[in-house]
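So the chains spell out like this:
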Amino acid sequence: MKKSFKRKAISLLTTALLLGSLAGCGNGETSTEDGGTNTATSGETIKIGLNMELSGDTASYGSNARDGAMLAINELNAAGGVLGMQIEPIERDNKSDAAEAATLSAALIGEEIAVQVGPLTSGCVNASIPVLSEAGIPIVAPAATAANITVDPDTNEVRPYVFRVCFIDPFQGTLMAQFALDSGYTTAAIYKDTSSDYSQGLAESFKTTFEAGGGTIVAEEGFTSGDRDFRATLNKIKGTNPEFLYVPGYYQEVAPLIKQAREAGITIPMGGGDGWDSPDTLSVAGADALNNCFFTNHYSSEDADEKVVAFVTAYKAAYNDKTPDAFAALGYDAIMAVASAIESAGSADPQAITDALASLTDFEGVTGTMTMDEQHNPIKAGVIIEYVDGAQVMNTRIEP
Amino acid sequence: MLNFIQQLINGLSLGAIYALIALGYTMVYGIIKLINFAHGDIMMVGAYVGFFSITLLGTNVWVAMLFAMLTCAVLGIIIEKVAYKPLRNSTRIAALITAIGVSFFLEYIMVFLLGATQRVYPADAFPTQTYHFSGLLMTNKDIFVIASAVFLMIILQLFIKKTRTGKAMRAVSLDQDAASLMGINVNHIISVTFAIGSALAAAAGVMYGVFYGTINPLMGMVPGIKAFVAAVLGGIGIIPGAMAGGFLLGILETMVSGYGNSLFRDAAAYGVLILILLIKPTGLFGEKSGEKI
């Protein structure tokens, strides 16, 4: 008897604790909402759902994008809101889980959001799409770069309610080819990861653009993810004497590859995509090997463009001098693009926002001026980042 | 021609790592007729022990390698006692499946303990130097890997040919029951075999880390399978065969990438396995006997 009472007491206590922690969460959310400079006077607000990865594997993407988005919302609200209405962010954590992201989207629809911004990863965005499209609520993905986000892979039809403010993966190949041509190189070799769609896509668009610009691809070789020994193929590539080596891949393979290329006496410039962007690239390859290496990215905090400078300054002021990364910039741009769509539509109705987003033209974002194409992918600039003695330095901004 | 020799050097240093792992496969097979599929993962554990020895204890690469070899020798003995010994009289397939189980256990216990992300081997523990010989490039790492592999192989060969324990190992490999009747402690010899094989794998693990710069809990899988191919190529159970098989496989892979298509590299490696099993199942160094798999 005593024992079972004890058990009951424990289970009651646990329940109480759980409820307490849940209440704690709730409080946390309201406090962030109130964190904005709330100068709302009229009762009407525009609700924007922020469905983001605030915990879990990709928590750093989500929290940085959330910070960028909140900065944009605070700036808009401080300037009197959009169409005279204040923006009310409803922030939810999808725990980097696709199923959770879908559930949260359903809940956000219940809260009568006009548009959802986020999630960050393509997998979570894909899971959110059906429920939002069903309800006719537009979704703006800040950083989902997979090609099949805005286009249904089964029917090849554009998804009417899905938009993004980042360029898609293969576009990086176009940017790097443009950069190589602008730098005066006429021959290039490609060494790609044949086991990754990302790498294949980048290589394909690099080749197309480079050849269209009058360049010649002298060698096209492949590796598979998990490979660590690239010396044999590098020696083969060296024999074809290219002026530029394009290595679209992820840092796990690219870092040892660059190191081995330099050790094999390949001194030509090498280029790649944002898959290079990791601290491990530097620690594995070393600063010397990385000199004369370039990769494409969405944005650089060192860009001298006045919009970027203003954004970086405001972000640092708001968040303890933290430097905003690409996710923060894209989160900011996603909110600003939505605001611009609402203004041009003259209404915060979800359908009106959708139509305005589809015809978004020359929207000036931090990550470049964007025009939505018919597949809901923005045509926009990218930046070339160069490694100089181990530091990532903004080299140039490439306009398509 | 110059390019060919360059590729040969590349192939030798790749093959040296395969050969060291292949030795462990072949020794264990020679003694208890078990394909120890956990062997590649012991190499991974060795790489991690070396990593922590360098980063946490601040030792140099040589001490780290010694440390990794000792730890893995003990690990090898424990694995044999816990996982394989109880199954010694069961079917060979039972032991083989257990070995695969041990392999997954080692991989995912490391994922659990240390996370699945890769770790960067400290570059300053072994700074790269490049030497030029009339157009040929060779790094001190190539020399390090090839020289240590050859050195360890010579030691092993001397141990097996010249010492009493080595003689006992050969006896057990020939006939366990007869060896036992001659007063050889078979359990002891099996433990020694696992210890030596695992120590060699650990050395290969540290070399891999130094050579390629990163390690992760699943790194042992592919080199493990390639080393198995190397062991079969040379003739499984035959120690000089494993060495030759390792070097040959390394050179073959390099030549396929360098002169053929880089995408056919793995296909060539596994193609060789199929070919050798079809044409000469006992391996290049094997004697004619219908019994071996």
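Residues numbered from 1 in each chain as written. Chains lettered and ligands numbered in written order. Predicted model: local features only at pLDDT ≥ 70, side-chain atom pairs only at ≥ 80, totals over all residues. Heavy atoms only, no water.

S.K.: If you had to explain the pairing of strand E6 (residues 187-193) of chain A to someone new, which residues and values would you point to?
M.R.: Each regular strand displays side chains that alternate between the two surfaces of the sheet. Residue and element names in this part refer to chain A. Burial analysis of E6 places 7 of its 7 residues in the buried class, which makes it a mostly covered element. Of the two faces of E6, the one holding Thr-187, Ala-189, Tyr-191 and Asp-193 and the one holding Ala-188, Ile-190 and Lys-192 are both buried throughout. With 7 bridges joining them, E6 and strand E7 (residues 216-223) adopt parallel strand pairing. Residue Thr-187 lies in a different strand from E7, and its bridge partner there is Thr-216. In this region the chain leaves E6, passes through helix H6 (residues 197-212) and returns to the parallel neighbour E7; the handedness of that crossover is right-handed. In terms of strand pairing, E6 meets strand E8 (residues 244-246) through 3 bridges, oriented parallel. Opposite Ile-190, over in E8, you have Tyr-246 as the bridge partner. (Buried < 20%, exposed > 50% of the residue type's maximum accessible area, 1.4 Å probe, protein only. Helix = DSSP H or I, 4+ residues; strand = E, 2+ residues; numbered from the N terminus. Pairing = 2+ DSSP bridges. Right-handed = clockwise from strand over helix to strand, strands pointing away.)

S.K.: Please provide a residue-by-residue account of the nonpolar core, values included.
M.R.: One recurring pattern in soluble globular proteins: nonpolar side chains tend to sit buried together. Within the largest apolar cluster, 93 residues are counted, with the highest numbers of intra-cluster contacts made by Leu-20, Leu-23 and Tyr-84 of chain B. No other element matches the 19 residues that helix H8 (residues 186-212) of chain B contributes to this core. In this structure Tyr-84 of chain B touches Leu-34, Asn-36, Ala-38, Ile-79, Ala-95, Thr-98, Ala-99, Val-102 and Phe-194 of chain B, once residues within four positions along its chain are discounted. Grouped together as the second largest cluster of nonpolar side chains are 50 residues, Leu-71, Val-308, Ile-342 and Leu-360 of chain A included. (Core = buried A, V, L, I, M, F, W, Y, C linked by side-chain atoms within 4.5 Å. Contact = heavy atoms within 4.5 Å.)

S.K.: Account for the domain arrangement of chain A, with residues named and values stated.
M.R.: Annotation of chain A at the domain level lists domain 1 (43-167 + 308-381) and domain 2 (171-297). Of note, the centres of domain 1 of chain A and domain 2 of chain A, computed from C-alpha atoms alone, are 32 Å apart. (Domains from an automatic or database assignment.)

S.K.: Which residues make up the environment of Met-27 of chain B, and what values go with them?
M.R.: Residue and element names in this part refer to chain B. Mapped onto the fold, Met-27 is located in helix H1 (residues 2-32). Classification of Met-27 as buried rests on a relative accessible area of 4%. Apart from residues no more than four positions distant in its own chain, Met-27 is found in contact with Leu-156, Met-169, Thr-193, Ile-196, Gly-197, Leu-200 and Ile-239.

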